[in-house]
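# Structural overview for review
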Amino acid sequence: MAETNAPVTSPDVLPAALPLMFTYRDMVMGDGFLAEVQAINGRALCVTEPNGEVWMYGVNPGGMAASGVDLESAHAAFRRAFSEVLVDFMLESRSFAEFERTVSAFFEQTNAAFEADWLRAVDVVRAQNVTIGLLPKMSAEAARAIRVASHAVPRAIDNIPQAQAQIAA
Amino acid sequence: MPHVTSLLDVWRMLEECAPGHVRRPSKHVWIVRYDGRTAVVPLGPHGRRVDPDIETGHIRSLVRAFGIESCARQILELN
């Protein structure tokens, strides 16, 4: 008899929709200041499209997406795109306060349609105990936050970017 | 082969489905704003060409972000 709730381990084959959470840290240079952006427990849905493309659709932030040939490259593209969007927001901001408002609003903006898909995908992860290689899991209910801080001087630790992704479960 | 959409077709769709939207090119992306929401679309290969092809997944994200998917699907092939 098959073991109930045995993990569905798919190191090479992704589920059609995989709910992800991510935490990123970026340093963005402004005019006369450094902005540290910590995106905590953002949400994205990794979808394998019928043509084989792997897409990461932002849920929070809900206004961006990126693609790759597999989960790793799609996430790398999404991570890179997020950093680039921060730079573009800084280029249009006339002050730190404006940058903070723009970034916070962008991150908190939920893509409701993809959120519905994300929540359904969480149900599948839970029901089928989906695992993907060594990708860790995170509670889908973990609190989300965006922190934007201004720094007058750079620090050595600012050289170290942060990018973590987990399966929402 | 990725599914792509002409950026000009995307703009035409937004004129109809997101009237009053504002868009501006930045260093890496087009920043598009509508109804208090923001979405970004890549500039396209080789930067800011006039009518590049954009991978359709970006457009799926944009129309869902703006809540205009049903209107957009009447104008563009988004699958």
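Residues numbered from 1 in each chain as written. Chains lettered and ligands numbered in written order. Predicted model: local features only at pLDDT ≥ 70, side-chain atom pairs only at ≥ 80, totals over all residues. Heavy atoms only, no water.

Regarding its fold elements, chain B presents 3 helices and 5 strands. Listed by position from the N terminus, the elements making up chain B come as β-α-β-β-β-β-α-α. In terms of overall dimensions, chain B has C-alpha extents of about 30 × 25 × 15 Å along its principal axes. In chain B, which comprises 79 residues, the share counted as buried stands at 48%. The contacts in chain B between residues at least 6 apart in sequence include a share of 45% that link residues at least 24 apart. In the form shown here, chain B has an accessible surface area of approximately 4,000 Å², with 48% of it arising from carbon and sulfur atoms. (Helix = DSSP H or I, 4+ residues; strand = E, 2+ residues; numbered from the N terminus. Buried < 20%, exposed > 50% of the residue type's maximum accessible area, 1.4 Å probe, protein only. Contact = heavy atoms within 4.5 Å. Areas by Shrake-Rupley, 256 points an atom, 1.4 Å probe, with all protein chains shown as cover.)

This part takes up the side chain of B:Ser26. Following the sequence through the fold, B:Ser26 ends up in the loop between β2 (22-25) and β3 (29-34). Owing to a relative accessible area of 6%, B:Ser26 belongs among the buried residues under this scheme. Engagement of the side chain of B:Ser26 in a polar contact is seen with the side chain of A:Asp88, the distance being 3.4 Å. (Polar contact = N/O pair within 3.5 Å; in protein donor to acceptor, adjacent residues only side chain to side chain.)

Attention now moves to the confidence of the model for chain A. A residue-level look at chain A finds 92% of positions with pLDDT of 70 or above and a mean pLDDT of 91. Element-level mean pLDDT values for chain A span from 49 in strand β1 (residues 8-9) of chain A up to 98 in helix α2 (residues 96-108) of chain A. (pLDDT = per-residue confidence, 0-100.)

Another point: the packing of helix α3 (residues 112-128) of chain A against helix α2 (residues 56-66) of chain B. The contact between α3(A) and α2(B) brings their axes to 7 Å, and the two run at 105°. Accordingly, the angle class assigned to the pair α3(A) and α2(B) is roughly perpendicular. Only B:Arg60, B:Ser61 and B:Arg64 of α2(B) make contact with α3(A), whose side of the interface consists of A:Ala113, A:Phe114 and A:Asp117. (Axes fitted to C-alpha atoms, helices over the stretch in contact; angles between N-to-C directions. Parallel < 35°, antiparallel > 145°, perpendicular 65-115°, else oblique.)

Residues and elements named next belong to chain A. The sheet contact formed by strand β2 (residues 17-30) and strand β9 (residues 162-168) spans 6 bridges and is antiparallel. What sits directly across from Met21, in β9, is Gln166. Bridging between strand β7 (residues 137-138) and β9 involves 2 bridges; their strand directions are parallel. The residue of β9 that forms the bridge with Met138 is Ala168. (Pairing = 2+ DSSP bridges.)

Moving on: the interface of chain A and chain B. Many descriptions give the size of an interface as the accessible area lost when the pieces come together. In this assembly, 26 residues from chain A lie in contact with 21 residues from chain B. Across the chain A-chain B interface, the total number found is 4 salt bridges. A salt bridge links A:Glu92 to B:Arg33; its shortest N-O distance comes to 2.5 Å. Those elements that provide at least two residues to the side of chain A that touches chain B are β4 (54-60), β5 (65-68), α1 (71-92), α2 and α3 of chain A. Looking at side-chain class alone, the side of chain A that touches chain B contains 12 nonpolar, 8 polar and 6 charged residues. (Salt bridge = Lys/Arg side-chain N within 4 Å of Asp/Glu carboxyl O. Nonpolar A, V, L, I, M, F, W, Y, C, P; charged D, E, K, R; others polar.)

As a further point, take the confidence of the model for chain B. Counting all residues, the mean pLDDT for chain B is 92, and 92% of those residues have values of 70 or more. With pTM at 0.93, the complex prediction returns an ipTM value of 0.94.

Residues and elements named next belong to chain A. Inspection of the secondary structure puts Cys46 in strand β3 (residues 33-48). Along the backbone, Cys46 and Phe82 are 36 residues apart, and their C-alpha atoms lie at a distance of 15 Å. With residues up to four places along the chain from it excluded, the contact list for Cys46 reads Leu14, Ala16, Ala17, Leu18, Leu20, Val54, Trp55, Met56 and Leu71.

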